[in-house]
Amino acid sequence: QVQLVESGGGLVQAGGSLRLSCAASGRTFSTVSMGWFRQAPGKEREFVAAISWSGSSTNYADSVKGRFTISRDNAKNTVFLQMNNLRPEDTAVYYCAAKPFPWTAVSTGDSYDYWGQGTQVTVSS
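Read on for a plain summary of the structure. (Residues numbered from 1 in each chain as written. Predicted model: local features only at pLDDT ≥ 70, side-chain atom pairs only at ≥ 80, totals over all residues. Heavy atoms only, no water.)

**Brief notes about the sheet that holds strand S1 (residues 2-7)**
The strands making up a sheet are joined through hydrogen bonds of the backbone, oriented either antiparallel or parallel. Just so we agree on the cut-off: Pairing between strands is defined by DSSP: at least two bridges between them are needed. For the purposes of this entry, the term helix denotes a DSSP run of H or I that reaches at least four residues, the term strand denotes a run of E that reaches at least two, and both are numbered from the N terminus. Axes here mean lines fitted to C-alpha atoms, for a helix over just the part in contact, with angles spanning 0 to 180 degrees between N-to-C directions.
Sheet architecture is open: 4 strands sit in the order S1-S3-S8-S7, paired in antiparallel fashion. Only two strands of the sheet have a single neighbouring strand rather than two, namely S1 and strand S7 (68-73). In this sheet, neighbouring strand axes are inclined to one another by 15° on average, regardless of whether the strands run parallel or antiparallel. Sheet topology note: the S1/strand S3 (residues 18-26) ladder contains 6 bridges and is antiparallel. Across the sheet, leucine 4 pairs through a bridge with alanine 24, a residue of S3.

Dropping the structure here:
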């Protein structure tokens, strides 16, 4: 079991930045890959970014490449999502998720076993 708790969401103007955190507890955090997904009202959940257990591999959705950065601190059992140059279309509930080995299908939500409750990000124009 892995328990995940997101924080860091909020209201920001377009062009601004936010840093999301996801604190994990339970099963050994350093053995799982971590991902961020988001869901806007009336839309399906979509992949945002993922990072391998060691941090050596990352994957991003095209819509956030160059603006968002995923990272992790295994000593603190935490994964981060630094979001810069935010746009109104980034408005959504953001969820972190944990996926056991291997580093495959990382952009597919169904491959993740554990999910947090989500944190709201709202970007005003």
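Moving on from the coordinates now.
**Details of the nonpolar core**
What counts here: Joining through side-chain atoms within 4.5 Å is the link that ties buried Ala, Val, Leu, Ile, Met, Phe, Trp, Tyr and Cys residues into a set, and such a set is a nonpolar core. The buried label goes to any residue with under 20% of its type's maximum accessible area, the exposed label to any with over 50%, and the partly exposed label to all in between, with areas taken from a 1.4 Å probe on protein chains only. In what follows, residue pairs with any heavy atoms lying within 4.5 Å of each other are defined as contacts.
In this structure, Leu4, Met34, Trp36, Leu81, Met83 and Tyr94 are the most contacted members of the largest nonpolar core, which totals 37 residues. Secondary structure elements with two or more residues in this core: S1, S3, strand S4 (33-39), strand S5 (46-51), S7, strand S8 (78-83), strand S9 (92-99) and strand S11 (119-124). The residues touching methionine 83, leaving out its near neighbours within four places in the chain, are Gly16, Ser17, Leu18, Leu20, Arg67, Phe68, Tyr94 and Val121.

**Examining the side chain of serine 33**
Among the structural elements, serine 33 can be located in strand S4. In this structure serine 33 comes out as buried when scored by relative accessible area, which is 4%. Contacts of serine 33, omitting those with residues within four sequence positions, involve Ile51, Ser52, Trp53, Arg72, Ala97, Ala98, Lys99, Trp103 and Tyr112.

**Overview of the pattern of salt bridges**
A pair can form between side chains of opposite charge whenever their charged atoms are brought close. For clarity, the cut-off: Counted as salt bridges are all cases of a side-chain nitrogen of Lys or Arg within 4 Å of a carboxyl oxygen of Asp or Glu.
Under the definition given, this model contains 5 salt bridges. Residue aspartate 110 pairs with arginine 45 through a salt bridge whose shortest N-O separation is 4.0 Å. With aspartate 110 in the loop between S9 and strand S10 (114-115) and arginine 45 in the loop between S4 and S5, this residue pair connects regions lying 65 residues apart in the sequence. We note a salt bridge from aspartate 62 to lysine 65, for which the minimum N-O separation is 3.2 Å. You can call aspartate 62 exposed: its relative accessible area is 63%. Several salt bridges share partner residues, and in doing so they unite Arg38, Glu46, Arg67 and Asp90 into one network.

**Concerning unusual backbone geometry**
In this structure, the amide linkage connecting phenylalanine 101 to the following residue, proline 102, adopts the cis form with an omega of 10°. Even without glycine at this site, asparagine 77 takes up a positive phi of about 50°. Note on placement: asparagine 77 falls in the loop between S7 and S8. We classify asparagine 77 as partly exposed; its relative accessible area is 28%. Here the phi dihedral of asparagine 85 falls at roughly 50°; this positive angle occurs in a residue that is not glycine.

**Let's talk about the pairing of S8**
Summarising burial for S8: 5 of the 6 residues are buried, a large majority. As judged from the 6 bridges shared by S3 and S8, these two strands associate in the antiparallel manner. Note that in S8 the partner of serine 21 across the bridge is phenylalanine 80. In this structure, S7 lies alongside S8, joined through 6 bridges in antiparallel fashion. Its bridge partner being in S8, isoleucine 70 is matched across the sheet by leucine 81. Between S7 and S8, which pair antiparallel one after the other, the connecting turn spans 4 residues, and asparagine 77 there sits at a positive phi close to 50°.

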